[in-house]
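Spelled out from the first residue to the last, the chains are:
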Amino acid sequence: MSVEVTTLANGFRIVTEPMPGLESAAIGLWIEAGARHEAADQNGIAHFLEHMAFKGTARRSALQIAEEIEDVGGYINAYTSREMTAYYARVLRPDVPLALDLLADIVLNPAFEAREIEVERGVILQEIGQALDTPDDIIFDWLQETAYPGQPIGRSILGPSAQVSGFTEADLRRFTAAHYGPGQMILSAAGAVDHDRLVRLAEPLFGHLLAKPAAEAAPARFFNGERREMRGLEQVHFALALEAPDYRAEDFYVSQVFSNALGGGMSSRLFQRLREDRGLCYTVFAQSGAYFDTGMITIYAGTGGDEIGALAELTIDELKRAAADMSEPEIARARAQMKAGLLMGLESPSARAERLAKLLSIWGRVPDVSEAIARIDAVAAPEARAHAEGLLSGSGLALALYGPIARAPRLSQLSARLAA
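For clarity, every value in this text was computed on a predicted model and none was experimentally measured. (Residues numbered from 1 in each chain as written. Predicted model: local features only at pLDDT ≥ 70, side-chain atom pairs only at ≥ 80, totals over all residues. Heavy atoms only, no water.)

Draft legend 1. Just the packing of aromatic side chains, in detail. All chains considered together, the criterion is met by nine aromatic pairs. Geometrically, the ring pair formed by F140 and F285 is stacked, given 6.3 Å between the ring centres and 25 degrees between the ring planes. Note that F140 is positioned in helix α5 (residues 135-147) and F285 in strand β9 (residues 284-290), a separation of 145 residues in sequence. Judged by its relative accessible area of 24%, F140 falls in the partly exposed class. Between Y148 and F222 the ring centres are 5.7 Å apart and the planes differ by 90 degrees, which places this aromatic pair in the edge-to-face class. Residue Y148 is located in the loop between α5 and α6 (161-164), and its partner F222 is located in the loop between α8 (195-206) and β7 (225-230); the two are separated by 74 residues in the primary sequence. Of the two residues, Y148 and F222, neither departs from the other in class, the shared state being buried. By the ring-pair criterion, three or more aromatic residues cluster together here, those being F140, F285 and Y300. (Phe/Tyr/Trp six-rings, centres within 6.5 Å; stacked < 30°, edge-to-face > 60°. Helix = DSSP H or I, 4+ residues; strand = E, 2+ residues; numbered from the N terminus. Buried < 20%, exposed > 50% of the residue type's maximum accessible area, 1.4 Å probe, protein only.)

Here it is in structure tokens:
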């Protein structure tokens, strides 16, 4: 069995990958509209819209949506990212038509009743408050904003409370009218699915939608910068970013392997040096994330107010050392971790459906897993060291600090140490 893709006349895409032996299916709608597609006065509306999808349609109440999917033992959920919004379900094989009908209904026919808007507004304001009270959550929003100041890609997905408090039905409908065209939608399914049957089911639900031009997102530009927030916490939350390749770049996989070797596991350099050798932190990691025109390698650690200086300096030192002497065994270990994570993830129909949608959005096709494995296997230590050297001589650093930061070094000090 293999991946199949069908595009309707209006641009609506359907992609499937059957998984023999499964009796369940994951199915979802991925919309190429997220936080970075919002205007400044819309920040948070993509996420608000995602919440409202479950609050009733022209045909179903919020309770009926929940009951219909749970009556068959399935579940339905959604998420908003900076570049996409996803609505997805997991059901048994006979209930795929029901799941598809539910997804189409909540995305295409939301009721946006005034009372439900107010109820969900309260829920989202609570969510924003919870994020602000969770330092190891909010620090990444602050880092993003610092690295991409004044840009849609730098804004919070949840949006500011003051703005969320003012969204109206008209605002929600205006955003969907601009960004929820058939050409911006991907119906993706994996597991116990039949491609031709899914296409037949989807055509009457989505085939009548009028095509519309996709709204271009503002290009991203990475900046040096820092944000420092003093608060009486037990720990300083330290987050450092360097600009990394976008997901179409030739060195995308080099960046992924490098960041894994730097801080992706217990054997990584940062974990061994900062936690195991020096005992400066409990949590430390590095990860590489990507968008269609930029990316970030992010390093995070939580440490005490007295230890933040040593931790920050050692982090810079390890970045420099990685560019000089990262070894082939380290890179081989990072490659193995990445490949195992990729292949293990594909055992889940939900992860596979998400992968299909994202790759189709990025490339206009779904590359075989073997292509990704080959790209990962092609990364060797010399490429990783060269990539690290390029990162360190590139656009600079973004820094976010939260907690008892009196002894935390300034960005200028870390940049000078990096350049020394």
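Now, onward.
Draft legend 2. Highlighting the sheet that holds strand β10 (residues 295-303). Spatial strand order, β7-β11-β8-β10-β9: five strands in an open sheet with mixed pairing. Bordering the open sheet on either side are β7 and β9, each of which pairs with just one other strand. Along the sheet, successive strands turn relative to each other by an average axial angle of 15 degrees, direction set aside. Direction of pairing for strand β8 (residues 236-244) relative to β10: antiparallel, over a ladder of nine bridges. What sits directly across from A239, in β10, is Y300. Set on the sheet, helix α11 (residues 308-325) makes contact with β8, β10 and β11 (397-403); between it and β8 the angle comes to about 20 degrees. (Pairing = 2+ DSSP bridges. Axes fitted to C-alpha atoms, helices over the stretch in contact; angles between N-to-C directions. Contact = heavy atoms within 4.5 Å.)

Draft legend 3. The side chain of T57, seen in detail. Note that T57 resides in the loop between α1 (45-52) and α2 (62-71). Given the relative accessible area of 8%, T57 is considered buried. A distance of 2.7 Å separates polar atoms of two side chains, one belonging to T57 and the other to D105. Apart from residues lying up to four places away in sequence, T57 is in contact with I65, D105, I106, N109, P110 and A111. (Polar contact = N/O pair within 3.5 Å; in protein donor to acceptor, adjacent residues only side chain to side chain.)

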